[in-house]
Amino acid sequence: VMAERCVQGRAVMVDLHAHLGHTGEAVGYDSAVLFPVTVTPDKAQDLELKLDLFFGVCKDICIPARAEAAIMLGTEQRDPLGSARVEAARATVPAAGDAVTAADIVSGEGKPVLRLALKERPEEIFVESATSAHFRAPVISADGREARLQIDSLSDLSKLKGEPITITYRLGGKGHVQTLTLP
């Protein structure tokens, strides 16, 4: 969130985005999603919040899209339905988790693979980093104790060394998130 007048804002990820489609390589949400944003002004006063959003709308291919919106905050007017929707979205924010006990990079059929050691089998896993690496859909072992995600779009694997990765996963129908640093 960008601010012109000393305002801090933070968008939070809701629920777990999933690997979609018949190949499992598309990533997104398969239904409507609402991202709650908490805004804290430096002093109590009415405040206009403006949004300029760039996103992709995907089915067979992704089409870039843009949206703009503005709202005055700090008025006495409330939107009970909107407030209920925001609170429902906040309830789906992944909680801190510890199901992934270790992560490293190995070779799988001559290609780099992220190997995750797991306490138990998750229903879904999504991995991201600040690099250009794309972590493909996971292949989970028969016993559910290991997941392997092929790594694409990164020509120099050394860029992942010492790099934190964010792992978001679903266990028992609930989202969890944790960060690990690659060796």
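Residues numbered from 1 in each chain as written. Predicted model: local features only at pLDDT ≥ 70, side-chain atom pairs only at ≥ 80, totals over all residues. Heavy atoms only, no water.

Caption draft 1: Region of interest: the overall build of the protein. Scanning the protein from N- to C-terminus turns up 1 helix and 15 strands. Split into buried and exposed, the 183 residues of the protein put 29% on the buried side. The long-range share in the protein, meaning contacts at least 24 apart out of those at least 6 apart in sequence, stands at 52%. (Helix = DSSP H or I, 4+ residues; strand = E, 2+ residues; numbered from the N terminus. Buried < 20%, exposed > 50% of the residue type's maximum accessible area, 1.4 Å probe, protein only. Contact = heavy atoms within 4.5 Å.)

Caption draft 2: Region of interest: the sheet that holds strand E10 (residues 124-129). An order of E7-E15-E14-E10 is seen for the 4 strands of this open sheet, with the pairing classed as mixed. Edge strands, defined here as strands with exactly one partner in the open sheet, are strand E7 (95-96) and E10. Looking at chain direction, E10 and strand E14 (residues 164-171) are connected through 6 bridges and run antiparallel. Along E14, the bridge assignment pairs Glu128 with Thr166. (Pairing = 2+ DSSP bridges.)

Caption draft 3: Structural context of the environment of Val57. Looking at where Val57 falls in the secondary structure, it is placed in strand E5 (residues 47-58). Assessed through its relative accessible area of 47%, Val57 is described here as partly exposed. Apart from the residues within four sequence positions on either side, Val57 is in contact with Cys62, Ile63 and Ala65.

Caption draft 4: Up close: the side chain of His176. As for its position among the elements, His176 is in strand E15 (residues 174-181). If sequence neighbours within four positions are ignored, His176 has contacts with Pro94, Ala95, Ala96, Gly97, Ile167, Thr168, Tyr169 and Leu171.

Caption draft 5: Here's a closer look at the nonpolar core. In terms of nonpolar packing, the biggest core is built from 21 residues, with Leu114, Leu116, Ile125, Val127, Phe135, Ile165 and Ile167 touching the most fellow members. Taken together, the elements giving at least two residues each to this core come down to strand E8 (100-108), strand E9 (111-118), E10, strand E13 (146-152) and E14. Per-element accounting of this core gives the leading share, 4 residues, to E14. (Core = buried A, V, L, I, M, F, W, Y, C linked by side-chain atoms within 4.5 Å.)

Caption draft 6: Structural detail: the pattern of salt bridges. A full pass over the atoms with the stated rule returns 7 salt bridges. The partner of Glu87 in a salt bridge is Arg90, and the shortest N-O contact between them spans 3.8 Å. On the criterion of helical spacing, the pair formed by Glu87 and Arg90 is a turn pair, its members being 3 residues apart in helix H1 (residues 80-90). In this structure, a network of salt bridges that share partners links the residues Asp52, Arg66 and Glu68. (Salt bridge = Lys/Arg side-chain N within 4 Å of Asp/Glu carboxyl O.)

Caption draft 7: Fine view of the side chain of Ser129. Looking at where Ser129 falls in the secondary structure, it is placed in strand E10. Classification of Ser129 by relative accessible area gives buried; the value is 18%. A polar side-chain atom of Ser129 sits 2.7 Å from a polar atom in the side chain of Thr131. (Polar contact = N/O pair within 3.5 Å; in protein donor to acceptor, adjacent residues only side chain to side chain.)

Caption draft 8: Focus on the confidence of the model for the protein. Taken as a whole, the protein shows an average pLDDT of 80; of its residues, 77% reach a score of 70 or greater. By mean pLDDT, the top-scoring element of the protein is E9 (95), and the lowest-scoring one is strand E1 (residues 7-11) (49). Per-residue pLDDT stays below 50 along residues 1-8; that stretch engages in 17 contacts with residues further than four places along the chain or on separate chains. (pLDDT = per-residue confidence, 0-100.)

Caption draft 9: Spotlight on a nonpolar patch on the surface. A cluster of nonpolar side chains, contributed by Leu51, Leu53, Phe55 and Val57, occupies part of the molecular surface with about 320 Å² of accessible area. Mapped onto the elements of the fold, Leu53 is located in strand E5. Looking at Leu53, the relative accessible area reads 37%, which means it is partly exposed. (Patch = residues over 30% accessible without salt bridge, like charges linked within 9 Å, V, L, I, M, F, W, Y side chains within 5 Å. Areas by Shrake-Rupley, 256 points an atom, 1.4 Å probe, with all protein chains shown as cover.)

Caption draft 10: Seen up close, the pairing of E13. Looking at chain direction, E9 and E13 are connected through 5 bridges and run antiparallel. Among the inter-strand pairings, Val113 is bridged to a residue of E13, identified as Gln150. With 2 bridges joining them, strand E11 (residues 134-135) and E13 adopt antiparallel strand pairing. Opposite Phe135, over in E13, you have Ile151 as the bridge partner. Note that strand E12 (residues 139-140) and E13 share 2 bridges and pair antiparallel. Within the sheet, the bridge partner assigned to Ile140 lies in E13 and is Ala147.

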